[in-house]
Amino acid sequence: NNPYLQERWVEFNIDIRPASLVQRLLPLREQLAGEFERDLEIVGIVDEMIMDSYFNKLRDEEEQLESNTAFDRISTNILSNITEFQGSS
């Protein structure tokens, strides 16, 4: 887009051999597929990390709200502890 720069271009003919082109494109396609597969694995890992962080934050906020109440919900805590220990054995 420079008005002082003159347009320049060069034309030349290229012979395209389809068999040769395919031999170069197929390995490239394979490489891109492998990179895409790794990228999708990373997206899955990051998604898990985001969801874990989100639920941990919700749990922390809930625990903070519970600790600010005037009374402790002892029976609820006991029930959740019992079910935790029963599930791990």
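Residues numbered from 1 in each chain as written. Predicted model: local features only at pLDDT ≥ 70, side-chain atom pairs only at ≥ 80, totals over all residues. Heavy atoms only, no water.

Enquirer: Help me get a handle on the overall build of the chain, residues and values and all.
Expert: Summing up its helical and strand segments, the chain has two helices and zero strands in all. Taking all 89 residues of the chain together, 0% fall into the buried category. Split by element, the accessible area of the chain, about 9,400 Å² in all, is 57% carbon and sulfur. (Helix = DSSP H or I, 4+ residues; strand = E, 2+ residues; numbered from the N terminus. Buried < 20%, exposed > 50% of the residue type's maximum accessible area, 1.4 Å probe, protein only. Areas by Shrake-Rupley, 256 points an atom, 1.4 Å probe, with all protein chains shown as cover.)

Enquirer: Help me get a handle on the packing of aromatic side chains, residues and values and all.
Expert: Here the structure, examined in full by the defined rule, presents one aromatic pair. On the basis of an interplanar angle of 65° and a centroid distance of 5.2 Å, the ring pair of Tyr-54 and Phe-55 is categorised as edge-to-face. Phe-55 gets classed as partly exposed once you look at its relative accessible area, which sits at 46%. (Phe/Tyr/Trp six-rings, centres within 6.5 Å; stacked < 30°, edge-to-face > 60°.)

Enquirer: Residue-level account of a nonpolar patch on the surface, with values.
Expert: A surface patch of nonpolar side chains, about 850 Å² in accessible area, is lined by Val-10, Phe-12, Ile-14, Ile-16, Leu-21, Leu-25, Leu-28 and Leu-32. Along the chain, Leu-25 falls in helix 1 (residues 18-67). Residue classification places Leu-25 among the partly exposed residues on the basis of a relative accessible area of 44%. (Patch = residues over 30% accessible without salt bridge, like charges linked within 9 Å, V, L, I, M, F, W, Y side chains within 5 Å. Salt bridge = Lys/Arg side-chain N within 4 Å of Asp/Glu carboxyl O.)

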